[in-house]
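A closer look at the structure
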Amino acid sequence: MKALVKTQKGRGFLEVKDVEDPVLGEHEALIRVKAGGICGTDLHIEADRFHYNPPVILGHEFSGEIVEVGKKVVGFQAGDRVVSEPHRGGCGTCRYCLTGQVEVCREKRAIGYKVDGAFSEYLSLPATSLHRIPDSVSFEQAALCEPLAVVVKAVLERSKVEPEDFVVVMGCGPIGLLAAAAAKAEGARAVMVTGTSGDEKQRLPVAIKMGMDYAVNVEKQDALALVNERTRGAGADLIVEASGAEPAIRQAFDMIKIDGRICGVGISGKEAVALPWDLAIRKAVNVSCSFSSNWTSWERALSLLGSGKINVDPMISGTYPMKEWKKAFGLLRNLEAVKILLVP
Ligand SMILES: [Zn+2]
Ligand SMILES: [Zn+2]
């Protein structure tokens, strides 16, 4: 079968090539891939700025249809429309595996960089990782389930959203946009998304199309002053830091209200980021960081998509055949697209 493979360490070394078909394990389902979302991580792997085990098929965000199930699989059958959690190889014996948090197990290897992923015609995955796609959700929409599950865990499960919340999402990449959509779906009073001048072409207008109340270019507008004005000087109730940019992380502590919540999901790529520690203590800020996704957040993400409370269509800038991956990667790198799907 054809697959998009990172063949060795270094910049580049990414190509569509013929690889062996996956072997179906007895606890696994063989899935025909219908759509795979390109993530910032995939761009980082191409540029050799992320950990990966080459040769490896990229792609960890996807949807597909089961073509065959292993002998010991119960509950799924050929023809089922599914998405899959990306976690493989959890040790099964640590505290995190035993409490259903395999996503933070030290042994975990994610598909798409540690083990073969979904930019391929087929892949075989444990049936226990699968979730059913609601009938009302297309394969294209379902391909965004993985990043949506990441923000559901971070924003809805770990930070929580209250009806009276003025929410600020810093950063308007796919994770920021989905975090904003999740906060809005949960009934937040108002949601502001921030970005920079590069985001004015695509991402900030998409935030408005998705129903957000404010989309602010922080290079042109004083986001802190706007939040203070709209909250009568109190500050934001919840800030989701999805940019990973040091000035934004620093500003979150100025912008948050006393006893407010800051939710960290954006990776900075730096060894350390300076924080206004004393201010955080005087304000009694509640900071919760979140990593990856879990079973409940996948079910909630699919439910939000199925009910139409979250519409990801404005985020899908295009769908390309896998052989045109270079063009798609280029558009994303130049911020000329928000999310692009590859089809095998
Ligand atoms: Zn991703
Ligand atoms: Zn474990």
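Note that the coordinates shown come from a computational prediction; the quantities given were computed from them, not determined experimentally.

1. Some thoughts on the coordination of the zinc ion (ligand 1)
Protein coordination of the zinc ion (ligand 1) is provided by Cys 39 (SG), His 60 (NE2) and Glu 61 (OE), with donor distances spanning 2.1 to 2.4 Å. In primary sequence terms, the donor set of the zinc ion (ligand 1) follows C-x20-H-E. Remark: Glu 61 occurs in strand β5 (residues 61-69) and Cys 39 occurs in the loop between β3 (28-37) and α1 (40-46); sequence separation between them is 22 residues. We classify Cys 39 as buried; its relative accessible area is 16%.

2. As for the side chain of Ser 297
As for its position among the elements, Ser 297 is in helix α10 (residues 295-306). For Ser 297, a relative accessible area of 0% gives the class buried. Within the structure, the side chain of Ser 297 is placed 2.9 Å from the backbone oxygen of Asn 294, a separation counted as a polar contact.

3. As for the coordination of the zinc ion (ligand 2)
Protein-derived coordination of the zinc ion (ligand 2) comes from Cys 91 (SG), Cys 94 (SG), Cys 97 (SG) and Cys 105 (SG), at a distance range of 2.3 to 2.4 Å. Given four donor atoms and angles of 104 to 116° at the metal, the environment of the zinc ion (ligand 2) is assigned as tetrahedral. Sequence spacing among the residues donating to the zinc ion (ligand 2) works out to C-x2-C-x2-C-x7-C. Residue Cys 94 is located in the loop between β7 (87-88) and α2 (95-98), and its partner Cys 105 is located in the loop between α2 and β8 (109-110); the two are separated by eleven residues in the primary sequence. When its relative accessible area of 6% is taken as the criterion, Cys 105 is described as buried.

4. What to know about the pattern of salt bridges
Counted by the stated rule, this structure contains 17 salt bridges. Between Lys 2 and Asp 18 there is a salt bridge; the shortest N-O distance is 3.2 Å. With a gap of 16 residues between them, Lys 2 in strand β1 (residues 2-6) and Asp 18 in strand β2 (residues 14-18) connect regions that are remote in the sequence. A residue is classified by how much of its surface remains accessible, and Asp 18, at 54% relative accessible area, is exposed. The partner of Lys 220 in a salt bridge is Glu 200, and the shortest N-O contact between them spans 3.1 Å.

5. With respect to the nonpolar core
One finds Val 155 and Val 169 to be the most contacted residues of the largest nonpolar core, which totals 51 residues. Among the elements of the structure, α3 (139-142), α4 (145-159), β11 (166-170), α5 (174-185), β12 (190-195), α6 (203-209), β14 (236-241) and α10 are those that each provide at least two residues to this core. It is α4 that provides the largest number of residues to this core, a total of eight residues.

6. Here's the deal with the packing of helix α7 (residues 223-230) against helix α8 (residues 246-255)
The interhelical angle for the contact between α7 and α8, taken along N-to-C directions, is 25°, at an axis separation of 10 Å. Our classification of the angle between α7 and α8 gives roughly parallel. In terms of crossing hand, the pair formed by α7 and α8 is right-handed. Facing Ala 223, Leu 224 and Val 227 of α7, the residues of α8 in contact are Gln 251, Asp 254 and Met 255. Counted by class, the contact of α7 with α8 contains four nonpolar, one polar and one charged residues.

The rules we used
Residues numbered from 1 in each chain as written. Chains lettered and ligands numbered in written order. Predicted model: local features only at pLDDT ≥ 70, side-chain atom pairs only at ≥ 80, totals over all residues. Heavy atoms only, no water. Donors = N, O, S within 2.8 Å, 3.2 Å for Na, K, Ca; no water. Helix = DSSP H or I, 4+ residues; strand = E, 2+ residues; numbered from the N terminus. Buried < 20%, exposed > 50% of the residue type's maximum accessible area, 1.4 Å probe, protein only. Polar contact = N/O pair within 3.5 Å; in protein donor to acceptor, adjacent residues only side chain to side chain. Tetrahedral: all angles 85-135°; square planar, octahedral: opposite > 155°, others 65-115°. Salt bridge = Lys/Arg side-chain N within 4 Å of Asp/Glu carboxyl O. Core = buried A, V, L, I, M, F, W, Y, C linked by side-chain atoms within 4.5 Å. Axes fitted to C-alpha atoms, helices over the stretch in contact; angles between N-to-C directions. Parallel < 35°, antiparallel > 145°, perpendicular 65-115°, else oblique. Left-handed = near helix turned anticlockwise from the far one by under 90°. Contact = heavy atoms within 4.5 Å. Nonpolar A, V, L, I, M, F, W, Y, C, P; charged D, E, K, R; others polar.

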